Amino acid sequence: MKAFIKHLFLPISLISLLIGCVNNSSPTPDVLSGLPDDSGIKRFNNITLEASLKPFKRKNKRYYREVAYTMYSQWASLLKHSDTISIMLWTADGSEILDYKGEMDQRLEWAKYIGNPNTEHEVGSGPKNLSMHERAYVYRDDAPDFTFGDLKEIVSTLKEVGKNLTHKPIRIGATFDPGPEFAKSPFKYEKHPEIVQGAAMGEKSFVSSYSTLNADSEAYAGFPEGIPNNTPFGTFFGRQSQHFLADLDFDYLWLSNGFGFGMEPWSATGTIFTGTGFKTSKLSETKNKILDFWHLFRAECPNFRIETRGTNIATGVDLAKDGVDLRAIYHGGFNLLPPPNSPWAALDGDFGLELMGYMSRIADIPDNRYLFRYYTHDPWWQNSPWLDRYGREPHDIYLPMALARIDNQGKVGLPTHLNFLTIDDSFGNMPDKVPNEVIPYILDARSDSPTSPGPLVWVYPFDEYHDWAKDRQDRLPEIYYGDWFIRQSINSGLPLNTVITSTNLIEIGLKNPRLFQESVLLSIVPDAESNLEKFWIDYLKKGGKVIFYGPADQAGPEFLQMLNLQNVLPLEGEFVIDRTYSQDNLNRPYPKKIKHSALFSGGGIRTKVDKLTDPFTEVLARMEQGNMSRDVMWTRTNPDWNGGKLAYLRGTNSSHFDGGRLLKPDDPTVYFTGPKMVRDLMARFGISFQIKKESPKIKDPMLCIARNDNGFFFSGYNPDTTVEQAFKFPQGAPLLLGYDTKLENGHANFTFPPAWHRECRVFVEQEDGVVSCKEMTTGQLGITRRLKITGLKNATVRVYPNQRIGDKNIFFYNNAHYPWREGQINFEKGEASTGFNYVVRNITGELVVSWE
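All values derive from a computational prediction rather than experimental measurement.

Visitor: Got a sec to walk through the side chain of Lys54? Specific residues and values, please.
Guide: Structurally, Lys54 is set in the loop between β1 (44-52) and α3 (61-74). Here Lys54 sits buried without a salt bridge, and the closest side chain of opposite charge, Asp424, lies 6.8 Å off (N-O distance). Within the structure, the side chain of Lys54 is placed 2.7 Å from the backbone oxygen of Tyr113, a separation counted as a polar contact. Within the structure, the side chain of Lys54 is placed 2.9 Å from the backbone oxygen of Ser426, a separation counted as a polar contact. Not counting chain neighbours up to four residues away, the residues in contact with Lys54 comprise Trp110, Ala111, Lys112, Tyr113, Ile114, Tyr139, Pro379, Trp380, Asp424, Asp425, Ser426 and Gly428.

Visitor: Summarise the sheet that holds strand β20 (residues 498-501); cite the residues concerned and give the values.
Guide: Judged by pairing direction, the sheet is mixed, and its eleven strands sit side by side in the order β17-β16-β20-β19-β21-β22-β30-β29-β28-β24-β26 without closing on themselves. The strands lining the two open edges of the sheet, one partner per strand, are β17 (412-413) and β26 (593-596). Strand direction decides the pairing type here: strand β19 (residues 456-460) and strand β21 (residues 520-524), joined by three bridges, are parallel. The residue of β21 that forms the bridge with Leu456 is Val520.

Visitor: Which residues make up the layout of surface pockets, and what are the values?
Guide: The volume enclosed by the largest pocket comes to roughly 760 Å³. Counting residues per element, the ones that place at least two in the lining of the largest pocket are α18 (502-509) and α19 (531-541).

Visitor: An account of the packing of α3 against helix α6 (residues 148-166) is needed here, citing residue identities and associated values.
Guide: Two quantities define a packed helix pair, namely the angle between the helix axes and the distance between the axes. Relative orientation of the contacting elements α3 and α6 amounts to 50 degrees, with a least axis distance of 9 Å. Taken together, the axis directions place α3 and α6 in an arrangement best described as oblique. Relative to α6, α3 is oriented so that their crossing is right-handed. Of the residues in α6, those touching α3 at Lys61, Tyr64, Arg65, Ala68, Tyr69, Met71 and Tyr72 are Asp150, Glu153, Ile154, Thr157, Leu158, Glu160, Val161, Gly162, Leu165 and Thr166. Tallied by class, residues from the contact of α3 with α6 come to nine nonpolar, three polar and five charged.

Visitor: Outline the pairing of strand β28 (residues 617-625), supporting the account with residue identities and numerical values.
Guide: Every regular strand shows the same layout, with side chains that alternate between the two sheet faces. Where strand β24 (residues 573-579) and β28 come together, four bridges link them in antiparallel fashion. Bridging across to β28, Ile577 finds its partner in Met623. Looking at chain direction, β28 and strand β29 (residues 628-637) are connected through eight bridges and run antiparallel. Within β29, the position partnered with Gln625 by the bridge is Met628. Linking β28 back to β29 in an antiparallel pair, the connection comprises two residues, with Gly626 at a positive phi of about 65 degrees.

Visitor: Tell me what's going on with the pairing of strand β39 (residues 747-751), and back it up with residues and numbers.
Guide: Pairing of strand β36 (residues 724-728) with β39 involves four bridges; the strand directions are antiparallel. Bridged to Phe727 within β39 is Ala748. As paired strands, strand β38 (residues 740-744) and β39 are joined by three bridges and run antiparallel to one another. Bridged to Glu744 within β39 is His747. In this antiparallel pair of consecutive strands, β38 and β39, the connection spans two residues, and Asn745 shows a positive phi of 55 degrees.

Visitor: Please give an account of the nonpolar core that cites residues and values.
Guide: Among soluble globular proteins, nonpolar side chains are generally buried collectively. Judged by nonpolar contacts, the single largest core of 222 residues is most densely connected at Phe237 and Phe420. Here this core takes eight residues from helix α17 (residues 476-491), the largest share from any one element. Those residues in contact with Phe237 that sit more than four places away from it in its chain are Ile97, Leu98, Phe176, Leu253, Leu255, Phe259, Phe293 and Phe297. Ranked by size, the runner-up nonpolar core spans 30 residues in total, among them Ile500, Val525, Tyr539 and Trp641.

About the thresholds
- Residues numbered from 1 in each chain as written.
- Predicted model: local features only at pLDDT ≥ 70, side-chain atom pairs only at ≥ 80, totals over all residues.
- Heavy atoms only, no water.
- Helix = DSSP H or I, 4+ residues; strand = E, 2+ residues; numbered from the N terminus.
- Buried < 20%, exposed > 50% of the residue type's maximum accessible area, 1.4 Å probe, protein only.
- Lys, Arg positive; Asp, Glu negative; His and termini not counted.
- Salt bridge = Lys/Arg side-chain N within 4 Å of Asp/Glu carboxyl O.
- Polar contact = N/O pair within 3.5 Å; in protein donor to acceptor, adjacent residues only side chain to side chain.
- Contact = heavy atoms within 4.5 Å.
- Pairing = 2+ DSSP bridges.
- 1 Å grid on protein atoms, 1.4 Å probe; cavity = no way out; pocket = protein on both sides within 12 Å on 5 of 7 lines; lining within 4 Å.
- Points joined across faces, edges and corners; volume = space filled by probe spheres on them.
- Axes fitted to C-alpha atoms, helices over the stretch in contact; angles between N-to-C directions.
- Parallel < 35°, antiparallel > 145°, perpendicular 65-115°, else oblique.
- Left-handed = near helix turned anticlockwise from the far one by under 90°.
- Nonpolar A, V, L, I, M, F, W, Y, C, P; charged D, E, K, R; others polar.
- Core = buried A, V, L, I, M, F, W, Y, C linked by side-chain atoms within 4.5 Å.

Structure below.
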């Protein structure tokens, strides 16, 4: 402690230098967020350190200051890359807002527990074999008792210490959770159980945002005469929040665990979808109830910023199953930050759901701001995900931070905000180990995050889904299906990292038609006579590359002709799948059976190739049921399309509902996984991702490829490290920096650890052999980068230098060495279709490339 106190009184100027911010400038405007700072890291508009009150183990000002100093100093090397710093306090479960009477000496019920304190078993009681979900413990015997005045003093101290240390604006956030997890809540579960209608943690466990309160004679800060009968919860909560936030000097409010976004934030079912069908008659009313909450809340609490956790699912699913009109919420003028990625992948390993859901929610956002959130500690359930659930592997950093959205100007949008849930563990400790290990990965992922679209771009039907929910409620199954299908595609190895709405795509298509020249686009089939249909027809004829998925029931005649598709009578149930290609290599092959449920796949299968004699159509898969069959996957080109190419995949959502929270994938040892066929289709565009594994039951690896400053940055997660992967692009086999690879059939073969992240700037075409790409010292004034490629045999090599490089400041050497006076060879520019690169041909031995 003496050493700690000594550091506590370092001169402020020295501490400021440590944190890297020595001026008192105001925060950089949002428009500048994401631009590189002096270190080359793209700055964040805000970084939030989330924390409970558990680190404040003693009640005195000096100790509060020590805790605050530790919070800021531990994360100093990251905080210097942000314009604003926030501390978000998980004081209790939000009941402190509901209970608040406007008195600073009021006792504060706070989150001093490990486990669920709102069960039939009293805290610390009962047999030892009870789980933490059945009985909670107090985190330490001498846990302090706080008042609302103490909380105000902690808020003040955090602001004071943060400002003195960082010279940056400091915000302090309050939190509200609708469930029973964090602190005792007599308000929810004893006084007003009528507001508890959701079943996320058991029957009647979550507060509904659109519930109403029964009469209550007790005085509250916003209702000194008591609560009138039938008071909307949005009104009560909004008025209480206004008093609480203003009186205790908070700056914003975080709404947790899907609050404000539907009844069942963790489930595949909800108010509309029951697991067996859709109650379409409830949709309009439910949408209006959710939106009414936001209006009622903002009428009482108009100005405090709202930040949101959102659900564990996705935009389309939430809309179809729970009536969540995200478009109306985003664009309703409610001054909110859109929900981030869900932290649940750390718990259930469903990273496809996390990544798909995240992209669906950032495709369209209220302004240019959105959030990435990372799960470091859990202050309630005695786990620290970085240390245990993730096993200190950074896959849930590299994968979601490889994602990006494209706005209506064609600009790449990265997260402007970064949150850490949380910086303290369940015992109130803040071990240095976690920030010391996590920060370098965060900075590395931020440095390598996208600056241009990835190889595959999801055209998300954000407006189409919301329009259908308004005017075509018979299409709810199609809305529900689309997100789940992409979730399982990503879990099957689809490298999807870029999203754009169809509306934005149409808008920028006229402004920047070459934006997606190096990308394949992934889209639903457009409706007849829609603007999207007109765009796709024109895009394909001008050389575009597109994969269309899902039902084609609403397509127009001209587009059906382009697809060479006819719709016939629908079929569902079990089929035999007949594939004319082989992509992966398994010791035990994939099953030939596949199950297609109309309920979970947007209807039955109706698709067949219209003209089988068409020389430009290649049928890749059909599904057979008795003497009937349906074509489900094919490609098509046309000499008049200027190199354009389309693929169509009807798409089966190989999942079912058996009463759990999420749709459960069909047994992969019994049924073929339909969504993996999207990855298979990529090979028809020259981008091949092959998997070699023992059997279908072994989970597939996940992959994202970010394009940063003309480079390719691969990020992956291997649930099973026995799996091998092979990559091939139109420009050749990618050589991952620092790796050796065996070339087979034009593919680079690799075996990876659980989490990995590698740069690629070199592609090779040659018959076979072991090749590698390694970093070299520059060793020459003016040279900034030098790479060595070995194992070449009459090879064609393509190099993708930084975007700023020109013909006069890149140099190639064949079988040469320092001081690079001999061996320089000529090069040429790569084909326009392969992007900005330089090519050398017929190379044997070693190749060294350097640039200024």
